[in-house]
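# Per-entry structural report
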Amino acid sequence: MTALRTTLVDTATSGKARLASDRWRGAPYLLPALIFLGLFFLAPLIGLLLRGILEPTPGLSNYAQLFANSAYSKVLFNTFAVAGLVTLISLLLAFPLAWAITLVPRGWGRALLGIVLLSMWTSLLARTYSWLVLLQASGVINKVLMAFGVIDQPLEMVHNLTGVVIGMTYIMIPFIVLPLQATMSAIDPMVLQAGSICGASPWRNFFRVFIPLCRPGIFSGALMVFVMSLGYYVTPALLGGAQNMMLPEFIVQQVQSFLNWGVASAAAALLIVITLALFYVYLKLQPESPAASATAR
Amino acid sequence: MVFRKRIVAAFCASLIGSAAAASAAADTVNFVSWGGTTQDAQTQAWADPFSAETGVTVVQDGPTDYGKLKAMVESGNVQWDVVDVEADFAMRAANEGLLEPLDFSVIQRDRIDPRFVSDHGVGSFYFSFVLGYNPSRIGASKPDSWSALFDTKTYPGKRALYKWPSPGVIELALLADGVAEDKLYPLDLDRAFKKLDAIKKDIVWWGGGAQSQQLLASGEVSMGQFWNGRIHALQQEGAPVGVSWKQNLVMADFLVIPKGAPNKAAAMKFLANASGAKGQAEFANLTAYAPVNLDSVQSLDADLAPNLPTAHEADQVTLDFAYWAKHGGEIAGRWNEWLVK
């Protein structure tokens, strides 16, 4: 701790020029990763995006076709709405879970974390089908509720938005729990104690001390879940209704059934652009990120 | 930079290597289908006897992926020789120049039902969309036509319909609305969607055969549009499901050869065998899909025959694959708009 603090002070007091050169000193080590990404990710991606303006004839006809069809904007809206909803609910559920894992004695915490991870080892398809068995009208949950007389008519929990959100939230929870738990376990409990000693009520202590300290974990987990949700295919296809079509399904339809690769890549390009724009806003909001440092500090 | 050149060189070398390997083993046919019991039956009914007879090894691959097929043909690196595809796709792909024209001096065209053969594809099997229902979910009266699907008063419950914008749903809505069988095409989309609007909130969409069976057998839906083979399989397992063959909608799979297929000549022979009377009858007996060869009907199992579309030909309405091949894209545009509205 002391050593770390000394380094921090050192860095802070040293000249700005040295700081800039330090920042890039490790850059050559990035080369293998950059070459790999360039060859196997960036080049194909650019190829894909080019199709959107080159096929079937060069020009913006694919984009015109997308915007002429009212389905596309609805599908795009669905995609972001579902991703946002899933992120929010996973966050609300994962936060107490991560906290519990941090608070309980170490062995129990590991066991709990193990259970969270265990769900990730099972096939995605099997897990999605299990939700179908649980949620459908003649499924376990509805049968139990009806047997106890809680409801007369089966609840509609699948083949609609509810089904998609339940299924995807379940899948996404580990991706928030992991970074959040890592952040939480690194928080010094003395800080919270100091808060109460200084007279903060428990609520105030939670919102003004604990949450801000958890922010990096919340931000990185939420971002990961949001971006993953945007591209999810299997779960929405099985648990959702056709009315809630999301972009991946739309793209699959264009690629597979109609060989309309131009339109498909235009649709994908728009998703990438919107996601990047949102990502930029996100970086701006997060004080720890380089993009925000210019304005926030 | 040198490093990168080496990678490219190694990559090229491996490509050349695999090309050489492919040409060395000339006596193979790569067969691609949908996997599952269908492809098992295709192996048993077509591939095994073909290999025994000709000495050509049939390599099973899959599942069918239209995007992959197009990518292979466009890149000139075709690894598939025979592909099982849906009929409307076979025609669309032919229009786009993705398929080899078939050699009808090898394949006997005149014994194949003319509905299921074109210059670039020959029927793999045919099947019908039928009205299936779960008797425990509906009243005493049995539904006997597509219009029952739209009558939620007499027959309460959800409806299972095929999810993809492909031949079937639009046609059954129009038939239920009273459009004459011979006046179906060109499709009146406005009228079809208006009809479908009435039950839109009651529709559960299915995307695959297993899902459709699960929906009907569990009673999640009370009736719907199903592949006849799947209903038959449920009945074989003892599930209490009923079926109406009235105006059963005929759809087919085609076998096609991608343009530039490495073993074209052997592939033609394979198609000749698969579409022959014997291959078609055996496949039908294994799967409860109907044979496309006119001479296969007499070789069908006696207890299976009444459950095949071939026994309900008088009630058939054949879906217009060529129309869908041409207008599929625009129909899908309208379909999606209606769906998410």
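Here is what the cut-offs are and how they apply
- Residues numbered from 1 in each chain as written.
- Chains lettered and ligands numbered in written order.
- Predicted model: local features only at pLDDT ≥ 70, side-chain atom pairs only at ≥ 80, totals over all residues.
- Heavy atoms only, no water.
- Helix = DSSP H or I, 4+ residues; strand = E, 2+ residues; numbered from the N terminus.
- Rg over C-alpha atoms; globule rule 2.2 N^0.38 Å.
- Buried < 20%, exposed > 50% of the residue type's maximum accessible area, 1.4 Å probe, protein only.
- Areas by Shrake-Rupley, 256 points an atom, 1.4 Å probe, with all protein chains shown as cover.
- Lys, Arg positive; Asp, Glu negative; His and termini not counted.
- Charge placed at Lys NZ, Arg CZ, Asp CG, Glu CD.
- Polar contact = N/O pair within 3.5 Å; in protein donor to acceptor, adjacent residues only side chain to side chain.
- Contact = heavy atoms within 4.5 Å.
- UniProt positions renumbered as here; feature names shortened; annotations may be inferred.
- Domains from an automatic or database assignment.
- Buried area = accessible area lost by both parts, 1.4 Å probe.
- Nonpolar A, V, L, I, M, F, W, Y, C, P; charged D, E, K, R; others polar.
- Axes fitted to C-alpha atoms, helices over the stretch in contact; angles between N-to-C directions.
- Parallel < 35°, antiparallel > 145°, perpendicular 65-115°, else oblique.

### Notes on the overall build of chain B
- A tally of helices and strands in chain B yields eleven helices and ten strands.
- What you see for chain B is a C-alpha radius of gyration of 22 Å, in line with the 20 Å of a compact globule of 341 residues.
- Counting only C-alpha atoms and orienting by the principal axes, one finds that chain B spans roughly 70 × 55 × 35 Å.
- For chain B, the proportion of its 341 residues judged to be buried stands at 55%.
- Carbon and sulfur atoms make up 53% of the accessible area of chain B, which totals about 14,100 Å².
- For chain B, the distance from the average site of its 30 positive side-chain charges to the average site of its 39 negative ones is 8 Å.

### As for the environment of D103 of chain B
All names here are of chain B.
- Inspection of the secondary structure puts D103 in the loop between α4 (87-95) and β4 (117-118).
- Placed 117 residues apart in sequence, D103 and E220 show a C-alpha to C-alpha distance of 47 Å.
- In terms of polar contacts, D103 uses its side chain to reach the side chain of S105, at 2.5 Å.

### A short note on unusual backbone geometry
- In this chain, G62 of chain B is followed by P63 of chain B through a cis amide linkage whose omega measures -5°.
- Take P63 of chain B: it is sitting in the loop between β2 (57-61) and α3 (66-75).
- Look at the link from Y185 of chain B to P186 of chain B: it is a cis peptide, with omega at -5°.
- Positive phi, close to 50°, is recorded for L259 of chain A, a residue that is not glycine.
- On the secondary structure map, L259 of chain A appears in the loop between α13 (247-257) and α14 (261-285).
- A positive phi angle, close to 65°, is found at A288 of chain B, a residue other than glycine.
- With respect to the secondary-structure elements, A288 of chain B resides in the loop between α10 (277-287) and β10 (317-318).
- Take A288 of chain B: its relative accessible area is 3%, and that puts it in the buried class.

### Description of the environment of I218 of chain A
Residues and elements named next belong to chain A.
- For I218, the position within the fold is in helix α11 (residues 202-230).
- Judged by its relative accessible area of 17%, I218 is buried.
- With 145 residues separating them along the chain, I218 and S73 place their C-alpha atoms 29 Å apart.
- With sequence-adjacent residues up to four places away left out, I218 is seen in contact with L91, F95 and L180.

### Notes on the UniProt feature "transmembrane region" (unreviewed entry) in chain A
Residue and element names in this part refer to chain A.
- Residues annotated in UniProt with the feature "transmembrane region" (unreviewed entry) correspond here to residues 29-54, 75-101, 107-124, 131-151, 157-180, 218-239 and 259-283.
- The distance separating the terminal C-alpha atoms of residues 107-124 is 28 Å; by composition the span is 89% helix and 0% strand.
- Between the first and last C-alpha atoms of residues 218-239 the distance is 27 Å; the span itself is 86% helix and 0% strand.

### A closer look at the domain arrangement of chain B
Residue and element names in this part refer to chain B.
- Looking at the assigned domains, one finds that chain B contains domain 1 (21-126 + 253-311) and domain 2 (128-250).
- Contact between domain 1 and domain 2 buries roughly 820 Å² in total, counting both sides, with carbon and sulfur atoms accounting for 56%.
- Looking at the side of domain 1 facing domain 2, the largest losses of area belong to Y289, N307 and P309, adding up to 46% of the total buried there.
- Linking domain 1 to domain 2 there are one residue pair in polar contact (both at pLDDT 80 or more).
- Of the residues assigned to the side of domain 1 that touches domain 2, the class counts are six nonpolar, one polar and three charged.

### Looking at the UniProt feature "domain: ABC transmembrane type-1" (unreviewed entry) in chain A
- Within the UniProt annotation, "domain: ABC transmembrane type-1" (unreviewed entry) is assigned to residues 76-282 of chain A.
- Secondary structure content for residues 76-282 of chain A is 80% helix and 0% strand, while the C-alpha to C-alpha distance between its ends is 19 Å.

### Overview of the packing of helix α7 (residues 124-135) of chain A against helix α8 (residues 140-147) of chain A
All names here are of chain A.
- For the pair α7 and α8, the least separation of the axes is 4 Å and the interaxial angle reads 20°. It follows from the interaxial angle that α7 and α8 lie roughly parallel. Judged by residue contacts, V133, L134 and L135 of α7 engage V140, I141 and N142 from α8.
- Of the residues belonging to the contact of α7 with α8, the class tally is five nonpolar, one polar and no charged.

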